[in-house]
Amino acid sequence: MDPSRCTGENLEENSKRLRTLATTVFGEIVGSSFPPQLRSLCHCLYQVVNLRFPQHSVQAVGTVIFLRFINPVLVSPYDSGFIDREPTPRLQRGLTLMCKILQHVANQSFFTREPWMEPFNEFVEQQADPSRRFFYEISSDVDIMDQLQGSLSFISDGNVMAVLHRLLWINQEKIGDHLSSSRDQSAVGRRPFDKMATLLAYLGPPEHKSTDSDWGACYAEMTSSNFSSNFEERMLKNQVIESEQFKSIKSMNIFYQAGTSKAGNPLFYYIARRYKVAEMDGEFLMYHVLLTLKPFMHAPFEIVIDFTHTCADNRFRSELLSKWFCVLPEIGYKNIHAAYIYNTNSWVKEYIKYHDRVLSPLKGNKKLIFIDHVTRLNELIDPAQQKLPGSTLALEEDLKVYNNALKLSHRDVRVAIKVGQQAIQVTSAEKTRVLGHYVLLNDVYYAAEIEEVCLVDDNQFTVTISIENSPLSFIHNDCDNIVQSIIHIRTRFELSHTESVALHTKIRPKDVPGTLLNIALLNLGSSDPNLRSAAYNLLCAITATFSLKLEGQLLETVGLCIPSNNTIFIKSISEKLAQSEPFLTLEFLEECIQGFGRSSIELKHLCLEYMTPWLPNLTRFCKHSEDKRQKLADEGKRQKVFGILDKLITMTIQEVEMYPSIQAKIWSNIGQIPDILDLVLDAFINRSIYGGLGSHQAEILADTSVALASSNVQLVSRKVIARLCKLLDRTGRDPAATLEQHPLWNQVAILLRYLLMLSFNNALDVATHLPFLFHTIPLLASAGPLFLRASVHGLCINLIHSLCTCTQLNFSEETLRVLRLSLAEFSLPKFYELFGIPPVKSAAVTAFRSPARCYTDRAPMAHSPPEQGGLSLTSLEVIVDALLEIMETCMRGIPSCQWLQQWNDLAKQFAFAHNPALQSRALIVYGCITKHVTEGDMKQLLRILVKALESYADLELVEAVIMCATRLLPLLEKDSVVLRHMLWVALCSLQLEEISLYSVALALLEQNLFTLDRFGVFDTCTLADFMMQTRRALEFYFTPLDAAMGLSFKENFHFALVGHLLKGFRHPIQATVSLTIRLLHTVLILTAKSTGREKFEVTPDTAPYLGALLAVSEEVRGRCPVRQAQRPEIPASESDNSLSGEPTAQGGLPRPIPALVRRKSFDGNDPKPKPVLTANPSLPLTDGQGTSKHWHGFESDANRAPFQQQRSNSLPSPTDGQPPPSELGGQDDDAGETMGSRRSLSENNILLDHDVITDTPTQALLLAVLATQVKNTTDENEMRVLYEYLAEASYAFPKVYPVIHNLLYSKINSVLALCHDPAILNSVQVIIQNMVAADDPSPQQLSYLQTLGFGGLWRFAGPFTKNQQKPENVQSFVNCLEAMVDTCLPGDDQEPQLPGNLPTSVNLNLSSSMSSLSVGSLHSPTESQTFDLSATPNSGRKRSTGTATLTKQRSVGGKTPLGECDS
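Note that the structure is a prediction, hence the values are computed from the model and not measured.

Here the focus is the overall build of the protein chain. Scanning the protein chain for helices and strands turns up 61 helices and 16 strands. Burial statistics for the protein chain: of 1463 residues in total, 53% are counted as buried. Long-range contacts, defined as pairs at least 24 residues apart, comprise 75% of the intrachain contacts of the protein chain with a sequence gap of at least 6.

Printed below as a string of structure tokens:
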């Protein structure tokens, strides 16, 4: 239905089919028998909503039913199990659209956001009444009991009470634990819980009343072969059979085949107690069962299930239990001849009750045979064929049976107690109903599980079993003998298992002294004198017992008076022990952290004092050993250290009152330990990710990073910045469309918050790390949620502030002045907008107003859409230029500073590496800051353009490449071959007809022309000859492009170029329209320049440009008037409302901003329309921001501005673009002309002069240019001018005028019907009269333009619309670019880098350098990256007030000079 997604399809037919499908499905739903359970649910929903929102009650029912029940199944029939394979994409799309229509019917709402779905609003309206009646019907209160045929309604009070009883019974311990640990315990108390526990004890365990729902049909679907085959394919694909766990399950004989039954069927055994839910993968067991049964399942077989001693450790989880009903093919379940259940116990009964709904299909199944005794098993299976485990069969040997015992519980049960050689068995005397069968339950307790046997009196005794929650109580007449028998088997077990008795080895210093030491030191600070004295004596005993080295400083004494203020003594003892006994560190710190939470505020401060000296010892446990045996032990120690750090983090988060002290004592000291800093950051990041970006704990840890850096700024800042740079580098290895969608985004965003916290007060060491920080800012600007965007902006502010206050860098007053101005500029609202921050009072407040939870717990943050649109590349250019100005200003006062070179190397590396999320930004940065470029770099840039165009999925990357090339062109040498071909790259980019690309392609074309003219190329060679000579070698590839566009450069270069530029008049951004006008003037000057003619003199070469400028240039109209009577005077304010590119004087051309050399592409591609510029030729043009745009002549070398060797350091200012007075005075080529001579030229310089434009093709093309503008313009002032010249053309070129009849026909009809302008109507009247009067045979149709190679002129120059571009045109452009790169351009043949294969040609290899930033090996991001800033406090660097000059290195080769053209 979406026209943008349909190619060559009949949308009307698609609409009919979709309407038919929706009608059929909706009719089936409305006419179906609605399930009574859902009907009852709808009735409840209707009643609840009706109380609050009576007008929306029925609509709520419909919305919920379709949104939550019906549509999810219709959209995903494969996932819902309705079909066996996934639907095709077209079918899936159809289902989605159908469900969208049904949902709108349910919502009673029309389509408004998707225009292509609006035709279905009629269908929605038609179904409104039927749907409303249907929703009323399913919401009505009906007799559910009758429809359920006597079964209990699931919403009855009795069932609710039963569910509540079960819920409270199962979770009563959790409820008690929660209440005891809750902070509100003092308010709530234990009394409510005690009452609940008493009531539950009185009621006893819940009885599980199940409904007799028909689940057979459900399992009939579940047991289809679909799940089994998919399950088996998944296991085979994952090579489960080769895994060690699968082999272990297989070797444990949980399920095996052995023997046959008396019926001759093979027997399989499942030993339930051998499966351990906590240790084994349930699906691996299922796969083992499937493989074991597979050879036998096509014939009858029997299964023996041994439930002897089965407990909760052997259960199947609920989700796995249901899978057992569908893991086998359907034939497998049918061929189960019998299933023998042996030794069912009480736990199995409760488990079956708990999963009653899952197991209900088995109720009453005759294939289930419960075995109460081994003799019953012998009747079915010959003893010789029985292969039950020996431990199961041994239970029936040498038994002492005590019948008629009474087991005491909430309901007394008569049992038989059987005491054997290894276990006791408690067998129920009365049968219990299990799965519809009557069964004797047999609970088995092994001797190892018997903890205590107690004789209460002559008739009662209790047995404490380790696996039971409470002791078992029994009443029997022979209690004494029963107790003696149980004691006997327990004693015999202990004697036969002496190795199980733990031997207490000698206590070593590393085992317990940490605990005792913490107790002693902590209680030395107690307010109780006796406790202090006891703690001192304990400390003496510890040092003596464990030989701790304190050199006789302690002496155990009775009656010692110890003052309460002994913190210094305790701390000194701790310091000495930390130095002499470092092996106690881990245990001691564990105990300190554990005791910290239970101590008073005073003791917590003391604990922090004596903990601090032990922190440096953590490095001992973080070493890496080369010995393979030692590696495992070292890793265990590292994990213990990580655990201690995690507990310290928890303590920091939870201890609100101690927060400042913990920061000062713990984290500031940890920040001084280089070897564990990576481990600390890992712990910080992991905990922050767990909490989520913007969470309370994430913000606390970001704050804590400041304390880490307080004692060692360089070390901590180096680690944090290195980690962030490395993460940004790694994003290219697993590319994502945006940075927010990348798996590493969580870590990047969290480290960005760390940078913000550290950026205040120069905690990031800007003197060392400024290039890396400036590298990250453009890559992260305007990314993520609002508070994160504000964080990037705040980081910029803080960095500039740090530069102003940094004591390492002694800047001059001028530099400080510029920095202060930049600081004020970054705080302006216009910079808020550049960083993606909406108008707010303070961006700093926004940066710290992070939501408590930006995303759901542990959900990927990448899935959350940004709060505003992404950063535009033009905004990024402004940011980078501002940062570049700051860096260059600072570098002037630092001799031999390499900041810019480092930043350039980082940007280049990212620019030439494949990374959809960051490559576009990196290209913009590289284009803005680089000072030197080679033809190899340009060639690689074009290769990136080829790759981007091949997929045509990332237009932003195409735009970035073009903008980067625009910035790099002025840096190329005069003899560069790339300059020739970039003109054609720009023109081909215009042909893509994309709004965003058209603007930047115009800027590239303009910058190229300026650069070529600066080298004097057009002094001796015409523009047409130069460009056609360049494409001669690639004519084979350019010809299809010309044919596709219908604009033939080979037939007429000038009209083809004008045809490309006319489209710029239709661009929606006013700045691009201004750029188009300026570019037309540029080409007009260059065309006239090489012939030595005056700019406005009409010739066959200049006529196309003059014709294109007629409607928008008052000066062109004045210098090239019509031959007829004078035109009506039109005020400039009315006729020139779009003259934003009007020249200021004859022959002048506006310069790019900020200077001639390096064009800022945002000037022509600003997404915001600029204010209309003045049309007064005597005033300088401005861009709406006060920046002057003066015109500098091309005609003479005297007027050419000198080429600047480096880019301007600042953004445009009101005075930056002002040319010197000599330039202003020499702008006009005809400065020596008299007014009379100029008037004479105007009188004789007629645009539509058949004596000048003599050949028919040129006349026809000139008329087509004028008619095309009339066809596409909506401005009445432009129409007035164009119709006037077209009326003149009907006299001047009557023979070729019929060529444009078709172009004018519809427009003239519109004018006659709607226009009231007399001038326009007069001109149209003249045109009509001459059209009627023309009787000479002449070209009559637009086909004549096609014969000239310009059949697409009128189409291409039209307005921008969606989906104009054809794939074959893009492919032709790609073919042309590939041929250009491979055959015509010199330079290194280096492919654009793919993920993980970054360039190695640059001096700074980020990937390799960052990989070296590991524990113990990272010294500085600058040390291993050829960056040597000697501005350290100890370096004694001598400062110079001179300005560091940046010179360009030009490569000299044997290339043909650009100014030479072939004859």
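Read on for the rest.
Moving on, we come to helix H14 (residues 282-293). With 12 residues, H14 ought to run about 16 Å at 1.5 Å a step, and its terminal C-alpha atoms sit 17 Å apart, in line with that. Most of H14 sits inside the fold, with 11 of its 12 residues counted as buried. Within H14, the full set of buried residues consists of Gly 282, Glu 283, Phe 284, Leu 285, Met 286, Tyr 287, His 288, Val 289, Leu 290, Thr 292 and Leu 293.

Quick look at the packing of aromatic side chains now. Counting across every chain of the model gives 29 aromatic pairs. Taking 5.4 Å as the distance between ring centres and 25° as the angle between the ring planes, the aromatic pair formed by Phe 461 and Phe 474 counts as stacked. Of this pair, Phe 461 sits in strand S13 (residues 460-465) while Phe 474 sits in strand S14 (residues 472-475), and the two are 13 residues apart along the sequence. A residue is classified by how much of its surface remains accessible, and Phe 461, at 0% relative accessible area, is buried. We classify Phe 474 as buried; its relative accessible area is 3%. Geometrically, the ring pair formed by Trp 984 and Phe 1038 is tilted, given 5.1 Å between the ring centres and 55° between the ring planes. With Trp 984 in helix H43 (residues 977-990) and Phe 1038 in helix H46 (residues 1035-1045), this pair connects stretches of sequence that are 54 residues apart. Accessibility assignment for this pair places Trp 984 and Phe 1038 in one class, buried.

Further remarks concern the nonpolar core. Here is a general trend for soluble globular proteins: nonpolar side chains tend to be buried in one another's company. Core analysis: the largest hydrophobic core is formed by 293 residues, its most contacted members being Trp 667 and Phe 835. By residue number, the principal contributor to this core is helix H38 (residues 873-891), which donates 12 residues. When sequence neighbours within four positions are dropped, the list of residues in contact with Trp 667 reads Leu 645, Leu 648, Ile 649, Thr 652, Ile 662, Val 680, Phe 684, Thr 704, Ala 707 and Leu 708. Among the nonpolar cores identified, the runner-up in size contains 46 residues, and Met 235, Phe 268, Tyr 270 and Val 348 belong to it.

Among the secondary structure elements, Ser 1048 is positioned in the loop between H46 and helix H47 (1053-1062). Here Ser 1048 falls in the buried class, since its relative accessible area comes to 11%. When the C-alpha atoms of Ser 1048 and Leu 1353 are compared, they prove to be 9.7 Å apart, with 305 residues separating the residues in sequence. Those residues within four positions of Ser 1048 in sequence are excluded, and the remaining contacts are Asp 1042, Ala 1056, Leu 1348, Gly 1349 and Phe 1350.

Moving on to the sheet that holds strand S5 (residues 368-371). Across the sheet, five strands lie side by side as S1-S2-S3-S4-S5; this open sheet has mixed pairing. The sheet terminates laterally at strand S1 (255-260) and S5, the two strands that pair on one side only. Each strand of the sheet is rotated relative to its neighbour by a mean of 25°, with strand direction disregarded. Bridging between strand S2 (residues 266-271) and strand S3 (residues 301-306) involves five bridges; their strand directions are parallel. Within S3, the residue paired with Ile 271 across the bridge is Asp 306. Set on the sheet, H14 makes contact with S1, S2 and S3; between it and S1 the angle comes to about 25°.

On to helix H54 (residues 1256-1272). Taking 1.5 Å per residue as the helical rise, H54 with its 17 residues ought to reach 24 Å, and the 24 Å between its terminal C-alpha atoms agrees with that figure. Burial within H54 is extensive, with 14 of its 17 residues counted as buried.

Overall, the predicted model of the protein chain reaches an average pLDDT of 77, with 79% of residues at or above 70. Low pLDDT, under 50, characterises residues 499-509; the stretch is placed with eight contacts to residues that sit more than four places away or in other chains. Considering only residues more than four positions removed or in separate chains, one finds that residues 852-868, a stretch of pLDDT under 50, has 38 contacts.

Our next topic: the pairing of strand S4 (residues 336-342). Among the seven residues in S4, six count as buried, and that is most of the element. Here six bridges tie S3 to S4, and the two strands are oriented parallel to one another. Counterpart to Glu 302 in the pairing with S4 is Ala 338. Bridge count for S4 against S5 is four bridges, and the pairing is parallel. Bridging from a neighbouring strand, Tyr 340 pairs with Ile 369 of S5.

Criteria and cut-off values
Residues numbered from 1 in each chain as written. Predicted model: local features only at pLDDT ≥ 70, side-chain atom pairs only at ≥ 80, totals over all residues. Heavy atoms only, no water. Helix = DSSP H or I, 4+ residues; strand = E, 2+ residues; numbered from the N terminus. Buried < 20%, exposed > 50% of the residue type's maximum accessible area, 1.4 Å probe, protein only. Contact = heavy atoms within 4.5 Å. Expected span 1.5 Å × (residues − 1). Phe/Tyr/Trp six-rings, centres within 6.5 Å; stacked < 30°, edge-to-face > 60°. Core = buried A, V, L, I, M, F, W, Y, C linked by side-chain atoms within 4.5 Å. Pairing = 2+ DSSP bridges. Axes fitted to C-alpha atoms, helices over the stretch in contact; angles between N-to-C directions. pLDDT = per-residue confidence, 0-100.

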